[in-house]
Amino acid sequence: FLETAAYFCMKTKMGEKEVSPHSFFSIWHEFSSDFKDFWKKENKLILQERVKEAEEVCRQKKGKSLYNIRPKHDSGIVSKNCSN
């Protein structure tokens with residue numbers, strides 16, 4: 001624990017000899033909860049941007065026809081019988 005506290009440059013509070021786990025984890029808890037909140041907000045913004053892009057792509061594809069309709073050619077049995 002003390003090596004981890006030293007790695008994060010934790011300093012002792014006034015009147016304490018070493019960094020206590022309570023002081024370290026109270027700061028860590030604040031950091032992790034803030035990080036989680038920002039993470040959720042950022043993911044929400046990214047999701048909204050992707051939804052807008054997908055809607056735009058759908059609008060563009062609806063404007064263009066995905067298939068072509070060709071006129072019907074008279075080349076079946078019915079057309080041969082009718083011409084006689």
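Treat the numbers as computed from the prediction; the structure is a model and nothing was measured.

A.B. asks: Just give me the short version of the overall build of the chain, but keep the residues and values in it.
C.D. replies: Within the chain, the secondary structure is distributed over three helices and zero strands. Along the chain, helices (α) and strands (β) appear in the sequence α-α-α when read from the amino end. For the chain, the accessible area works out to roughly 8700 Å², and carbon and sulfur atoms hold 59% of it.

A.B. asks: Outline the packing of aromatic side chains, listing residues and values.
C.D. replies: Applying the stated rule across the entire model yields 10 aromatic pairs. Each ring, one from Tyr 7 and one from Phe 8, has its centre 5.2 Å from the other, and the planes form 85 degrees; the classification is edge-to-face. Of the residues examined, Tyr 7 reaches a relative accessible area of 64% and is grouped as exposed. Residue classification places Phe 8 among the partly exposed positions, given a relative accessible area of 42%. With centroids separated by 5.8 Å and ring planes inclined at 50 degrees, the aromatic side chains of Phe 8 and Trp 28 adopt a geometry described as tilted. Highlighted residues: Phe 8 in the loop between α1 (2-7) and α2 (21-63) and Trp 28 in helix α2, separated in sequence by 20 residues.

A.B. asks: I'd like a description of unusual backbone geometry, backed by residues and values.
C.D. replies: Even without being glycine, Cys 9 reaches a positive phi, approximately 60 degrees. Checked against the element boundaries, Cys 9 lands in the loop between α1 and α2.

A.B. asks: Explain the pattern of salt bridges residue by residue, including any values.
C.D. replies: When their charged atoms lie close together, side chains carrying opposite charge are able to pair. One pass over the structure, following the stated rule, counts one salt bridge. When the shortest N-O distance is used, the salt bridge between Glu 56 and Arg 59 registers 2.9 Å. You can see Glu 56 and its partner Arg 59 sitting in helix α2, three residues apart, about one turn around the helix. Its relative accessible area of 37% is what places Glu 56 among the partly exposed residues.

A.B. asks: Let's hear about a nonpolar patch on the surface: which residues, and what values?
C.D. replies: Residues Phe 1, Leu 2, Tyr 7, Phe 8, Phe 25, Trp 28, Phe 31, Phe 35 and Trp 39 make up a contiguous nonpolar surface patch of roughly 1000 Å² in combined accessible area. Secondary-structure elements contributing two or more residues to the nonpolar patch are α1 and α2. When residues in the nonpolar patch are grouped by element, the largest group, five residues, is from α2.

What counts, and at which threshold
- Residues numbered from 1 in each chain as written.
- Predicted model: local features only at pLDDT ≥ 70, side-chain atom pairs only at ≥ 80, totals over all residues.
- Heavy atoms only, no water.
- Helix = DSSP H or I, 4+ residues; strand = E, 2+ residues; numbered from the N terminus.
- Areas by Shrake-Rupley, 256 points an atom, 1.4 Å probe, with all protein chains shown as cover.
- Phe/Tyr/Trp six-rings, centres within 6.5 Å; stacked < 30°, edge-to-face > 60°.
- Buried < 20%, exposed > 50% of the residue type's maximum accessible area, 1.4 Å probe, protein only.
- Salt bridge = Lys/Arg side-chain N within 4 Å of Asp/Glu carboxyl O.
- Patch = residues over 30% accessible without salt bridge, like charges linked within 9 Å, V, L, I, M, F, W, Y side chains within 5 Å.

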